[in-house]
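A closer look at the structure
Here is what each chain is made of, one letter per residue.
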Amino acid sequence: MGLLSLGTPLKWSEAKEFADHVRSHGIDQFLSIYHKMKDKQKDCLLWGDEVEYIVVSYDEQNKNAKISLRVFEMLAILQKDEQDWLKDPEHVPAPATSWRPEYGRFMLEGTPGSPYGSSLRDLLLVEPNMKLRRELALKTMRPNEVPLTIVSYPRLGCQGEFLDPHHEPNGDACRSLFVPDEIINPHARFPTLTANIRRRRGSKVAINMPIFKDRNTPSPFIDPTIPWDRDIFPEDKEAKEGAAKPDHIYMDAMAFGMGCCCLQITFQACNVTEARRLYDQLVPVGPIMLALTGAAPIYRGYLSDVDCRWNVIASSVDDRTPEERALKPLEHDRFVINKSRYDSVDSYISTGPLFKPKYNDIDLVYDKKIYDKLRSNDIDDQLAKHVSHLFIRDPLVIFKELLDQDDSVSSDHFENIQSTNWQTLRFKPPPPNSNIGWRVEFRSMEIQITDFENTAFAIFIVLLTRAIISFNLNFYIPISKVDENMQNAHKRGAVLNEKFYFRKNVFTKQKPSSRQPSPSTSTSTSNADINGASNGNTPDDDEDQDAYELMTINEIINGKSGGFIGLIPLINSYLNSVNVDIETRCQLSKYLDLISRRADGSLMTAATWMRQFVQNHPAYKHDSVVSQEINYDLMKTIEKISSGELEIPELLGKQ
Ligand code: GSH
């Protein structure tokens, strides 16, 4: 998350009057950036990871693990080196780590102080840097506090004591039955975002995740911990009126979603063409990595029937009105919109030779006026559709003082809409007046318990991008199939039990094309060499070439004899094709081995391990309830695993 502008935020009733103003200037700002930067070339790939932490605070006396609301005290210390450096970059060394707040006042976000370079040896810097981040964060904490890399805090919103310090859930911004406003980052953007999502939608957000039905879980499950009859806010009756579904864990606030932690990777591409190509090729990888990193099986004190966070966040920021959700005929609103602002990508954006229009098979909703303006300003059809699709959304947080901007130097209005479209991939134009190039952010992965795992997943994605560029790989499948994969990725045990659509032949022969050429990248291995390593099947027939089929995650990651080559074999071929010293190769193999074994089921996902921990806990009553006592032991165990004090070979293998 970038730096935040300050000012007076407008309430929804005022903000909506300026929606067209923000959109129109946002588009002017995009056009200014695009035309200034479209020819910008960077000679090498830079990249960085973002790790999100939840700060847990133990109450040893009562054997309770709460979340700590003290992160701004911690951030003041953590951000000091960076602030000193920014004041005098010539003389003060650049900091090794960089820190930002996140949505939750109990969350921290840490990144490397400067991006990693393109050299493979740089990959060996990642795990030590993540370890350093954890150490530095811990140093700012009280003896009873600890930064944990867990996706969702299991007892967020439970009755009783889950917050340090305690606050009653009666805040005006989220009006939640379960969580107070004090858990929201107090910067004006966040309470405003929360309240304006609710106001725009016309009701509180309604998140319903299916409960895991254990042998003693009542059926139907009607949650006895919901304060059904509370009467503080008009919204209190929504739960009773159908917002809370039977057999589901009901949550009613943005914090349940945006309070979740993930692992994001951002790449700077050589140029805009390469960024668009990488974006597209990573789109089908998004749901696969969501399933493989699944680490979020518990919500509001109950075991759920899903393994990951994505749909929780999607519902937690779903600001669509009833008309936009097609619950009422369109009268006041402009579009029926099929997804939340936080969801999977709706269209591919590359115009390279591998792209075919048939892959964009979702009926894309876009703002026609904005599309026409972009087209008449030399933006190609696909990029114009992408941007005018993002711009169907209203700006949710507008600062009064920032309404008037110089569109030739500011990107504030563009970013207002862009950065509240939270999709599996984000295509990021260079910020004005910076040295930064065109970037792509990979956003689907869930945070893992240890720095080793987070490094492994980060490096896997980095190496995959290298293989994509070097071998000109083609992962395109119809985007509607990517959406189906997204939903499958959530299911309990998806890694072992579900199948996912994936392209069979990733070495499609290129036909001569008049489209924008993709940049040539040097590699010592040709497609033919790689084809030799697979089944060598590159049929000319278009339909055959484009074939995709349902595969297990194991087949996608590790390959299938006589079938798809597999992502790890592709990465290994890439590593064979470049000069890499033995030490680096050995270390990279350890990381790749973790991914490979998670995929083949010889190691568990974090979600499966957490489920088993709960189900094997002596206090568990097989009723889906994750009690204070179980949660305390789970947090303590996760802390020990992350510090290396406890080895769990079924999760991490032998280290
Ligand atoms: N924690 C999220 C996840 O698990 O996917 C990702 C982080 C995120 O999207 N944070 C929100 C945000 O707006 C906080 S409201 N970040 C800034 C941005 O996306 O530009």
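Residues numbered from 1 in each chain as written. Predicted model: local features only at pLDDT ≥ 70, side-chain atom pairs only at ≥ 80, totals over all residues. Heavy atoms only, no water.

Running from N to C, helix α2 (residues 19-37) and helix α12 (residues 368-375) cross one another at 25°; their axes reach a closest spacing of 11 Å. Relative to α12, the element α2 lies roughly parallel. Where α2 crosses over α12, the two elements pack in a sense that is right-handed. Along its contact with α2, which presents R23, I27, D28, F30 and L31, the element α12 presents I370, K373 and L374. (Axes fitted to C-alpha atoms, helices over the stretch in contact; angles between N-to-C directions. Helix = DSSP H or I, 4+ residues; strand = E, 2+ residues; numbered from the N terminus. Parallel < 35°, antiparallel > 145°, perpendicular 65-115°, else oblique. Left-handed = near helix turned anticlockwise from the far one by under 90°. Contact = heavy atoms within 4.5 Å.)

Let us now look at the confidence of the model for the chain. Averaged over every residue, the pLDDT of the chain is 93; the share at 70 or more is 94%. Across residues 512-539, where pLDDT falls below 50, the model places 51 contacts with residues more than four positions away in sequence or in other chains. (pLDDT = per-residue confidence, 0-100.)

The biggest cluster of nonpolar side chains holds 201 residues, and the ones touching the most others in it are F460 and W609. The biggest single contributor to this core is helix α15 (residues 451-471), with 14 residues. Leaving out residues up to four positions away in the same chain, W609 has contacts with I449, M604, L634, T637, I638, I641, I648 and L651. (Core = buried A, V, L, I, M, F, W, Y, C linked by side-chain atoms within 4.5 Å. Buried < 20%, exposed > 50% of the residue type's maximum accessible area, 1.4 Å probe, protein only.)

On to the site of the ligand. Taken together, 19 residues surround the ligand, and among them E52, R189, C260, R309 and Y342 come closest. Here an oxygen atom of the ligand sits 2.7 Å away from a polar atom, N or O, in the side chain of R309. In this structure, an oxygen atom belonging to the ligand sits 2.6 Å away from a side-chain N or O atom of Y342. When isolated, the ligand has an accessible area of 490 Å², and the protein chains bury 95% of it. (Near = heavy atom within 4 Å. Polar contact = N/O pair within 3.5 Å; in protein donor to acceptor, adjacent residues only side chain to side chain. Areas by Shrake-Rupley, 256 points an atom, 1.4 Å probe, with all protein chains shown as cover.)

Here the focus is the side chain of E453. Mapped onto the elements, E453 comes out in helix α15. Owing to a relative accessible area of 0%, E453 belongs among the buried residues under this scheme. Polar contacts involving the side chain of E453 include one to the main-chain amide nitrogen of I449, which spans 3.4 Å. Within the structure, E453 has its side chain in polar contact with the side chain of R598 (distance 2.7 Å). Discounting chain neighbours no more than four positions away, the residues touching E453 are Q448, L594, R598, L651 and L652.

Now for the pairing of strand β2 (residues 64-68). Burial runs high along β2: five of the five residues are buried. As judged from the four bridges shared by strand β1 (residues 46-59) and β2, these two strands associate in the antiparallel manner. Paired with Y58 across the two strands is A65, which belongs to β2. Linking two consecutive strands that pair antiparallel, namely β1 and β2, is a turn of four residues; a positive phi of about 50° is found at K63 within it. (Pairing = 2+ DSSP bridges.)

So, on to the packing of aromatic side chains. Here the structure, examined in full by the defined rule, presents 25 aromatic pairs. Ring geometry for F502 and F564: centres 5.3 Å apart, planes at 55°, overall tilted. Remark: F564 occurs in the loop between α20 (553-558) and α21 (567-577) and F502 occurs in strand β16 (residues 500-503); sequence separation between them is 62 residues. On the accessibility criterion, F564 (2% relative accessible area) is buried. One aromatic cluster is present, built from ring pairs that chain together F30, Y34, Y279, F391, F414, F427 and W438. Over the face of the ring belonging to F178 we find R300, whose NZ or CZ atom lies 4.0 Å from the ring centre. Over the face of the ring belonging to Y501 we find K481, whose NZ or CZ atom lies 4.6 Å from the ring centre. (Phe/Tyr/Trp six-rings, centres within 6.5 Å; stacked < 30°, edge-to-face > 60°. Lys NZ or Arg CZ within 6 Å of the ring centre and 35° of its normal.)

Moving on to the pattern of salt bridges. Taken as a whole and assessed by the stated rule, the structure comprises 49 salt bridges. Between D84 and K80 there is a salt bridge, and its shortest N-O distance comes to 2.9 Å. With D84 and K80 both in helix α4 (residues 80-87), this residue pair falls four residues apart, about one helical turn. When its relative accessible area of 26% is taken as the criterion, D84 is described as partly exposed. Note on K80: relative accessible area 44%, which makes it partly exposed. For R426, the salt bridge goes to E441, with nearest N and O atoms at 3.8 Å. Taken together, the residues span a long stretch of sequence, with R426 in strand β14 (residues 425-428) and E441 in strand β15 (residues 439-442) at a distance of 15 residues. Exposure class is identical for R426 and E441. Each is buried. Within the structure, one salt-bridge network assembled from shared partners comprises D20, R23, R200, D319, E324, R341 and D394. (Salt bridge = Lys/Arg side-chain N within 4 Å of Asp/Glu carboxyl O.)

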